[in-house]
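Here is what each chain is made of, one letter per residue.
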Amino acid sequence: MLHYSRWKTMFIWLTVLVGIIVAMPNMFSDEQLERFPSFLPTSKVTLGLDLQGGSHIMLKLERDDIVKERLETTVGDIRAALREAGIRYTGLSGVGQQVQVRIVDASQVDAAREALRDITTPVNAGGLTGGTVQEVVIEDGEDGLLRLRLTDEGINYRVSSALTQSIEVVRRRVDELGTTEPLIQRQGDDRIIVQVPGLQDPQRLKALLNQTAKLSFRMVDTTMPVEEAINGRPPASSEVLYSADDPAVPYLVEKQVLVSGENLVDAQASFAQQTNEPVVTFRFDSRGAQRFAQATQQNVGRPFAIILDDQVISAPVIREPIVGGSGQISGNFTVEGANDLAVLLRAGALPATLTVVEERTVGPGLGQDSINAGITASIIGAIAVVVFMLGFYGSFGLMANIALTFNVVMILALLSLIGSTLTLPGIAGIVLTMGMAVDSNVLVYERIREEAKAGRSLVQAIETGFTKAFATIVDANLTTLIAAVVLFFLGSGPVRGFAVTLAIGIVTTVFTAFTLTRWLVATWYRWQRPKHLPKGIRTGIFDTQNIPFMSIRRFTFAIAGALSIASLVGFTTLGLNLGIDFTGGSIIEVKARQGNADIADLRSRLNELNLGEIQAQGFGDPSSVLIRVQAQEGGENAEQSALSAIRGEIEDQYEFRRVEVVGPSVSSELTETATLGVAAALFAILIYIWFRFEWQFAVGAIIATLHDVILTIGLFVFLGIEFNLTSIAAILTIIGYSLNDTVVVYDRMRENLRRYKKMPLDVVIDSSINQTLSRTVLTGTTTMLALAALYFFGGEVIASFTLAMLFGVLVGTFSSVYIAAPVLIAFKLRPETFQEEGKDELAAGKARA
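If you're wondering where the values come from, they're calculated on a predicted model, not measured in any experiment.

This part covers the overall build of the chain. Per the secondary structure count, the chain includes 28 helices and 27 strands. For the chain, buried positions account for 50% of its 849 residues. Put simply, 74% of the contacts in the chain that link residues at least 6 apart link residues at least 24 apart. As displayed, the chain has an accessible area near 38,800 Å², and 56% of this comes from carbon and sulfur atoms. The distance from the centre of the 70 positive side-chain charges to the centre of the 86 negative ones in the chain is 12 Å.

Overall, the coordinates contain 22 aromatic pairs when judged by the stated rule. With a centroid separation of 5.3 Å and 80° between ring planes, the pair formed by Trp-13 and Trp-519 is classed as edge-to-face. With a gap of 506 residues between them, Trp-13 in helix H1 (residues 6-23) and Trp-519 in helix H16 (residues 494-528) connect regions that are remote in the sequence. Under the relative-accessibility criterion, Trp-519 is labelled buried at 14%.

A few words on the sheet that holds strand S24 (residues 614-619). Spatially, S9-S10-S2-S20-S26-S23-S25-S24 is the arrangement adopted by the eight strands of the open sheet, whose pairing is antiparallel. The open sheet has two edge strands with one neighbour each: strand S9 (183-187) and S24. Each strand of the sheet is rotated relative to its neighbour by a mean of 20°, with strand direction disregarded. Pairing of strand S2 (residues 54-61) with strand S10 (residues 191-197) involves seven bridges; the strand directions are antiparallel. Residue pairing for S10: Met-58 is matched across the bridge by Ile-193. Sitting on the sheet, helix H8 (residues 202-210) is in contact with S2, S10 and strand S20 (354-362), with an inclination near 165° to S20.

Glancing now at a nonpolar patch on the surface. Where nonpolar side chains cluster on the molecular surface, the patch consists of Ile-375, Ile-379, Ile-383 and Val-387 and spans about 370 Å² of accessible area. With respect to the helices and strands, Ile-375 occurs in helix H12 (residues 364-393).

Scanning the entire structure with this criterion turns up 28 salt bridges. Between Glu-722 and Arg-628 there is a salt bridge, with the nearest N and O atoms lying 2.4 Å from each other. Here the residue Glu-722 occupies a position in strand S27 (residues 722-723), and Arg-628 occupies one in strand S25 (residues 621-629), the gap between them amounting to 94 residues. Each of the two residues, Glu-722 as well as Arg-628, counts as buried. The salt bridge partner of Asp-747 is Arg-750, with a shortest N-O separation of 3.0 Å. Note that Asp-747 and Arg-750 are positioned in helix H23 (residues 725-755) at a spacing of three residues, about one turn of the helix. Asp-747 sits in the buried class, given a relative accessible area of 9%. With relative accessibility at 10%, the residue Arg-750 sits in the buried group.

Two elements in contact, helix H13 (residues 395-417) and helix H14 (residues 424-453), have axes whose closest approach is 10 Å; the angle formed by their N-to-C orientations is 140°. Comparing their axes, H14 and H13 come out oblique. For the pair H13 and H14, the crossing hand works out as right-handed. Along the contact surface, H13 presents Phe-396, Met-399, Ala-400, Leu-404, Asn-407, Val-408, Ile-411 and Leu-415, while H14 presents Ile-430, Thr-433, Met-434, Ala-437, Asn-441 and Tyr-445. For the contact of H13 with H14, the per-class residue count stands at 11 nonpolar, three polar and no charged.

Let us look at the environment of Gly-714. Within the secondary structure, Gly-714 is located in helix H22 (residues 695-719). Between the C-alpha atoms of Gly-714 and Ala-730, which are 16 residues apart in sequence, the distance is 14 Å.

With that settled, consider the nonpolar core. Formed by 125 residues in total, the largest nonpolar core has its most connected members in Tyr-445, Ile-689, Ile-735 and Ile-769. It is H16 that contributes the most residues to this core, 17 residues altogether. Sequence-distant contacts of Ile-735, that is, excluding residues within four places in its chain, are made with Val-678, Leu-682, Ile-685, Thr-705 and Val-709. Counting 43 residues, the second largest nonpolar core, distinct from the first, contains Ile-57, Leu-61, Leu-148 and Leu-209.

This paragraph deals with the pairing of strand S11 (residues 215-219). Of all five residues making up S11, five are buried, and the element is well covered by its neighbours. With burial as the criterion, each face of S11 is covered, one bearing Leu-215, Phe-217 and Met-219 and the other bearing Ser-216 and Arg-218. Bridging between S11 and strand S17 (residues 304-308) involves five bridges; their strand directions are antiparallel. If you follow Leu-215 over to S17, its bridge partner there is Leu-308. Here S11 runs beside strand S14 (residues 259-260); their pairing, made up of two bridges, is antiparallel. When the bridges of S14 are listed, Ser-216 appears paired with Ser-260.

Across the sheet, four strands lie side by side as S3-S4-S8-S7; this open sheet has antiparallel pairing. Whereas interior strands pair on both sides, the edge strands pair on one side only; in this sheet they are strand S3 (89-95) and strand S7 (136-140). Shown here is a sheet whose adjacent strand axes are inclined to one another by a mean of 15°, direction ignored. Of the pairings in the sheet, the one linking S7 to strand S8 (residues 145-150) comprises five bridges and is antiparallel in character. Looking across to S8, one finds that Val-137 is bridged to Arg-149. On top of the sheet, helix H4 (residues 63-85) reaches S3, strand S4 (98-103) and S8; it is set at about 165° to S3, its chief contact.

Moving on, we come to unusual backbone geometry. The residue Ala-213 is not glycine, and still its phi comes out positive at about 65°. Mapped onto the elements, Ala-213 comes out in the loop between H8 and S11. The exposure class assigned to Ala-213 is buried, which follows from its relative accessible area of 4%. With phi around 65°, Asp-310 is a residue other than glycine that occupies positive phi space. Structurally, Asp-310 is set in the loop between S17 and strand S18 (311-314).

Further remarks concern the packing of H4 against helix H7 (residues 152-176). The interhelical angle for the contact between H4 and H7, taken along N-to-C directions, is 115°, at an axis separation of 10 Å. Here H4 lies roughly perpendicular to H7, going by the angle between them. Relative to H7, H4 is oriented so that their crossing is right-handed. Contacts from Arg-63, Ile-66, Val-67 and Arg-70 in H4 reach Asp-152, Ile-155, Asn-156, Arg-158, Val-159 and Ala-162 in H7.

Rules of the game
- Residues numbered from 1 in each chain as written.
- Predicted model: local features only at pLDDT ≥ 70, side-chain atom pairs only at ≥ 80, totals over all residues.
- Heavy atoms only, no water.
- Helix = DSSP H or I, 4+ residues; strand = E, 2+ residues; numbered from the N terminus.
- Buried < 20%, exposed > 50% of the residue type's maximum accessible area, 1.4 Å probe, protein only.
- Contact = heavy atoms within 4.5 Å.
- Areas by Shrake-Rupley, 256 points an atom, 1.4 Å probe, with all protein chains shown as cover.
- Lys, Arg positive; Asp, Glu negative; His and termini not counted.
- Charge placed at Lys NZ, Arg CZ, Asp CG, Glu CD.
- Phe/Tyr/Trp six-rings, centres within 6.5 Å; stacked < 30°, edge-to-face > 60°.
- Pairing = 2+ DSSP bridges.
- Axes fitted to C-alpha atoms, helices over the stretch in contact; angles between N-to-C directions.
- Patch = residues over 30% accessible without salt bridge, like charges linked within 9 Å, V, L, I, M, F, W, Y side chains within 5 Å.
- Salt bridge = Lys/Arg side-chain N within 4 Å of Asp/Glu carboxyl O.
- Parallel < 35°, antiparallel > 145°, perpendicular 65-115°, else oblique.
- Left-handed = near helix turned anticlockwise from the far one by under 90°.
- Nonpolar A, V, L, I, M, F, W, Y, C, P; charged D, E, K, R; others polar.
- Core = buried A, V, L, I, M, F, W, Y, C linked by side-chain atoms within 4.5 Å.

Next up, the structure:
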């Protein structure tokens, strides 16, 4: 019955109170939170980079660098081992992952294998497993030839170790910038994600992360003029390197490293006492100081080169031995350049090159604009939903609105509690949840109204309404939850933020509908003791409707089929306007520093850079422009060079508000992931509906869902809307919403098939659709009100996302009536199965009685 024990009431309101307390810090500034008592929570929802500004950079460890280094090391180890053993050899060389050497005396092959045993001995991989890794294997050839091969297992081990080391180096470099709460984490086998909120200078961050920063001190080879070495062949122990000056100056440098950057213990930017130019002072550890002193003592009067990443910074002449273990590096530095070099040297060298394969940067101005737009859209959407529910349900609508308010509070509380990041699509997820949250209340209220109309007393109608609506609500919300879970695991960044808020919203919606709303209705009943439903309920206007939906099913089928075929033809001929997430390239949002943007001049200046196809178009207000640059040949490094060229050309007149760069390797992965995501969501939902209903229902649901997906893709094709990762999020949400609607109708059909055993199938379907018509119209309207607020007030960034969602809600409502239902007739679904289930349930009920 509607009686709630004291402990149940306390549990419900204690949960709500905890939610309010946990969400409360989001209403205060950080300074105010510092004055809070220690026993109160102070954690806030973390704003995503698209809301607070900052940079998201994905770095890829270059595997080829690891292979090259291991190959050179192995060649050097073989040379040293054979010389130490006194074994004569020839033809020592390495290519790819293989080294070969020919032993001059074939009788010494076994001795050579023994000398190389340390190189081929498995190394301890460390970690919890304590296993070993075979890095090098040796194979015999003909005529004393030995082949040593670097194994893939060994390379993978080295890559993994280098990635772990790189993460620590990157963390030290980012920490040196003084940024707040940077996120640095491993992704996959060879990627590092760096997220730095509130960063004002992303170019400096990239410059710091891109450099390997391998510092070495080597002697300049004076035995041969450098021009002769360039034109001819340099000595085997030397190589030609160039300075970073413009024009670059060549130097003939010995390969032997006197002292490396690994021996540095400190590096600081300062000014030279004589010239007052920026320099970098350094200090060695005891071993480095000893080696540096020895090298300078032995080479007084000779020049030595200070080399950073194979570029000569400077090549001073040694005037006297340097025995103090410290020195300074000069090289036409700016103040910032000297600071950055000091940062790099203090943080240590990277074991391999890190390439920027994806970059997403949002300026703080755009982030604040997004926050304001999100808040405005949320308030307008909430007001529209609240007014709509009050208008149709009166006092019951007031209870639904109270539950909706606490629903949003609990979403914020859970986001704060789990430390999730709130993104702009995440705000869209909350607004969408507000629109869909009333669905549970509508289902319950309409059930109560039906039971009261059937002659039950009000208390029985309320109890039965909640009981019967429960299974429908769980079925309907689980399909959306499946789509959200798939989106979370296969999405990234803002898309994942949308999935999190949507999933949390579904959970809190079910909780508030079956605890808080039920408690409110029960309390209202105990206080008022009414005999009838409140007069404020105005959904009776749908009761007199007896629309023969199935009578025009062939006509609607034909229209839906024609539109689907047109969408598929457009998709195969015109194609989608794919965003950089799938094609690679760059998107740059800029804002004129003064006045309106001159798009024609901007387009002309950018075309002179010879970067391929460049599009420039207005974006929002007259001073903002969105620039699209095609993917560059030459991979990720070429993308970054193109971005630097664009910055150099227009940065003096335009503020860079948003930058997104996606390299070809990431774009191909995102394409594969998006395809798998949609397929996985459809498959998981098919399995669930097949389990809960008959196979005809599952097939009908999938056909209806495919119809919605195809028509939504058609919308993108014919309107030329950019198709990106948020579009995939929109499609998956449309799948969830469409199936939510379809499952509600199917659930009523299944109930009626058990009740009306001799009624024709098309009549049963028409009756079921008419009985759920009020819910279909009301839920669709509240969801569209919330989405409309997002579309008109949420800003340009998510406009295409919300437009696709609006369209999806319309076609999803259509397909649940005119596609999913007629499929049951086409597949000749008969009610015999449900009659047998009904008999079994009746027999079970009698047995219990």
